[in-house]
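What follows is each chain in one-letter form.
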Amino acid sequence: MPLARSLSVTSLSGLEEWDEEFDLEDAVLFEIAWEVANKVGGIYTVIQTKARLTAEEWGENYFLVGPYVESNVRTQVELIEPTNPILKRTIDKMNASGCKVYFGRWLIEGSPYVVLIDVAFTAWSLDRWKSELWENFSIGVPWFDREANDAVLFGFLTAWLLGEYAAQCEDPPHILAHFHEWLAGLGLMLCRRRQLPVATIFTTHATLLGRYLCAGKVDFYNNLAEFNVDKEAGDRQIYHRYCLERSAARCAHVFTTVSQITAIEAEYLLKRKPDIITPNGLNVKKFSAMHEFQNLHAKSKSRIQEFIRGHFYGHLDFNLDKCVFLFIAGRYEFSNKGADIFLEALARLNYLLRVNHSDVTVVAFFIMPARTNNFNVETLKGQAVRKQLWDTAQTVKERFGKKLYESLLVGQLPDVSKMLDKEDFTMMKRAIFSTQRQCQPPICTHNMLEDSSDPILNCIRRIGLFNCSADRVKVIFHPEFLSSTSPLLPMDYEEFVRGCHLGVFPSYYEPWGYTPAECTVMGIPSISTNLSGFGCFMEEHIADPSAYGIYILDRRFRGVDESCNQLTSFLFQFCKQSRRQRIIQRNRTERLSDLLDWRYLGRYYISARHMALAKAFPDTYMYEAQDPTSSSGFRYPRPASVPPSPSLSRHSSPHHSDDEDERYDEDLEAEKDRVNIRQPFAAKTKAADGVPSESD
């Protein structure tokens, strides 16, 4: 489902149209990934959201290739007969040779064609193909690695599909194949080995070895040049996977990755510098009503507040209107995702809020799936008590309203002392007594299977954040993905994000980072790091990211303690903002949505495809690089109005009142930003003609 944004600003123009026009009528694009119609991780989101833009560009000549998973096909794919006669002959030939290949439409935005291959049906060929893999590439795959075995089967079958398609073409074909991640990489290697007429692109979204090394708590980025990559991969028993990834990267006509930080990593670990950076985007859908996203924030926040009322029943001694909701979400990688530094910063924030006698209460949510066996009974009881209190209040209100109505009917003012009888008071007293609690509000909403060894719970025990009354920071660990059908917190992820005030993602290893990007599109400020692709991208495109609600934590050039202090400072300054300042900041954050729209970021993928076609078929296609890896496209200056921070937004007069309206015009500020946005290609053209460019 596309994320929505409002019409608070006019859509920005972005990059100008590129000069080169490629004739794609005779070309066909196959995009190959294990996560086509098969949700496993973040690559699924990339392919799913990008499909509409790619289908618009390539039309009937665009095909996604993935594994056939029956449970997914039943709910996501409409199986049909192939519309392309060449592809129909190809699939028929493969099915007649002992394969099972299906064709259909993926029921997502853009409705792209999909070719789904049943890898299990050809498992009888695994040993023979493993032997061929060893003979041609000297890569051995152990029998016990099921995921690598699937990669071997999928790789040989995709190479078979592309080779058969080329053979079925009457004229010399112009085939472009885009492979994502190591699971699909073997197909690329075989295409080059067999010298098929296929232009190849390989995209790594995160290097295998990088993820494993960071999980091992090594000083990764400061020692990139020192690692013995073969030894490190061997020690972690992933050498065969690493060889598949490295070979695919080196064999491809064009090698891409999703961020500048991952490009540096790939250069050292995969021994090839990426040809182009292809950042990940989202489909941004606009509302028809102005500032509608602010209304959605208020609506979703009220639902989170209802959950808080139940979760903290008996200990609701803080003002919900002065609550700030923070959250972290993603895979449960305690150190890689920065949950460790976030918890430490929360402990320090708790101290600062207490010694400064702040009336702000922070509720921090950890949305990370872990092994559980059921909901926590105390958590469910809290929501039941809240509902009982609501029902009691409604009953008393109805009885009160009926007596008031009858009194007014006879033309008398009601006697307030008689409006509530003993039965009403008894009901209310029973309701109050039911809120008494003998224990602290629970930290975890579920029963954990490995409670004693869970990293988050152990860290909470160490820092002592137990949701006590004296604590200004409360912690809620929800070890399950959010769902609108949950009896506990019935909200989907998008609705929950909209209701929060700040997303906190202090990751140590994050090649891109969809979670802060989704926050930005929904107008929610976020904290990222200069070790995440998203953080680096925003630093390149925005002069002052923090003024737009994008806080970039330095984890590359600072130690852990220094980074933790910086994160604590970010959180403390955010808590000091007034409600109006947060509204202003959300408006600015939402204005960055166009930066993350596939309409803009899709240009980088187009550039990569043009580059691959020109390299593989130089007689037919020609491409002139336009340096897409530089800081190009939008360039947001500092906001025209005063930054929304407590120290800078106050007037110098000591008589300033909190109720005084700040001078702020959203439309005027947005218009000034649009005027100041830098368009690099236009600037370069003017400079070449003798006109000084904006950067001069």
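Heads up: these notes are all about the structure in this document. Remember, it's a predicted structure, so these values are computed and weren't measured experimentally.

Within the protein one finds 24 helices and 19 strands. Looking at the protein residue by residue over its 696 residues, the buried ones come to 57%. Contacts in the protein between residues at least 24 apart in sequence constitute 75% of all its contacts with a sequence separation of at least 6. Total accessible area on the protein stands at roughly 30,500 Å², and carbon and sulfur atoms take up 51% of it.

Phe 30, Ile 32, Leu 87, Phe 179 and Phe 220 are the most contacted members of the largest nonpolar core, which has 76 residues in total. In terms of residue count, the dominant contributor to this core is helix α5 (residues 146–168) (twelve residues). With residues up to four places along the chain from it excluded, the contact list for Phe 179 reads Ile 32, Leu 162, Ala 184, Gly 187, Leu 188, Cys 191, Thr 200, Ile 201, Phe 202 and Thr 203. In terms of nonpolar packing, the next biggest core, distinct from the first, is built from 68 residues, Phe 318, Leu 482, Ile 524 and Leu 553 among them.

This paragraph deals with helix α9 (residues 239–251). Since the α-helix packs 3.6 residues into each turn, any two residues three or four apart lie on the same face. With 13 residues, α9 should reach 18 Å at 1.5 Å per residue; the first-to-last C-alpha distance of 18 Å fits that figure. Those residues of α9 that fall on the buried side of the exposure criterion are His 240, Arg 241, Tyr 242, Cys 243, Leu 244, Glu 245, Ala 248 and Ala 249.

Among the surface-exposed residues, Glu 25, Asp 26, Glu 170 and Asp 171 lie close enough to one another that they form a single negatively charged patch. Here Asp 26 lies in the loop between β1 (3–5) and β2 (27–32).

Further remarks concern the side chain of Thr 257. Along the chain, the position of Thr 257 falls in strand β9 (residues 254–257). Classification of Thr 257 by relative accessible area gives buried; the value is 0%. At 2.9 Å, the side chain of Thr 257 and the backbone oxygen of Thr 204 are in polar contact.

Definitions and cut-offs
Residues numbered from 1 in each chain as written. Predicted model: local features only at pLDDT ≥ 70, side-chain atom pairs only at ≥ 80, totals over all residues. Heavy atoms only, no water. Helix = DSSP H or I, 4+ residues; strand = E, 2+ residues; numbered from the N terminus. Buried < 20%, exposed > 50% of the residue type's maximum accessible area, 1.4 Å probe, protein only. Contact = heavy atoms within 4.5 Å. Areas by Shrake-Rupley, 256 points an atom, 1.4 Å probe, with all protein chains shown as cover. Core = buried A, V, L, I, M, F, W, Y, C linked by side-chain atoms within 4.5 Å. Expected span 1.5 Å × (residues − 1). Patch = residues over 30% accessible without salt bridge, like charges linked within 9 Å, V, L, I, M, F, W, Y side chains within 5 Å. Salt bridge = Lys/Arg side-chain N within 4 Å of Asp/Glu carboxyl O. Lys, Arg positive; Asp, Glu negative; His and termini not counted. Charge placed at Lys NZ, Arg CZ, Asp CG, Glu CD. Polar contact = N/O pair within 3.5 Å; in protein donor to acceptor, adjacent residues only side chain to side chain.

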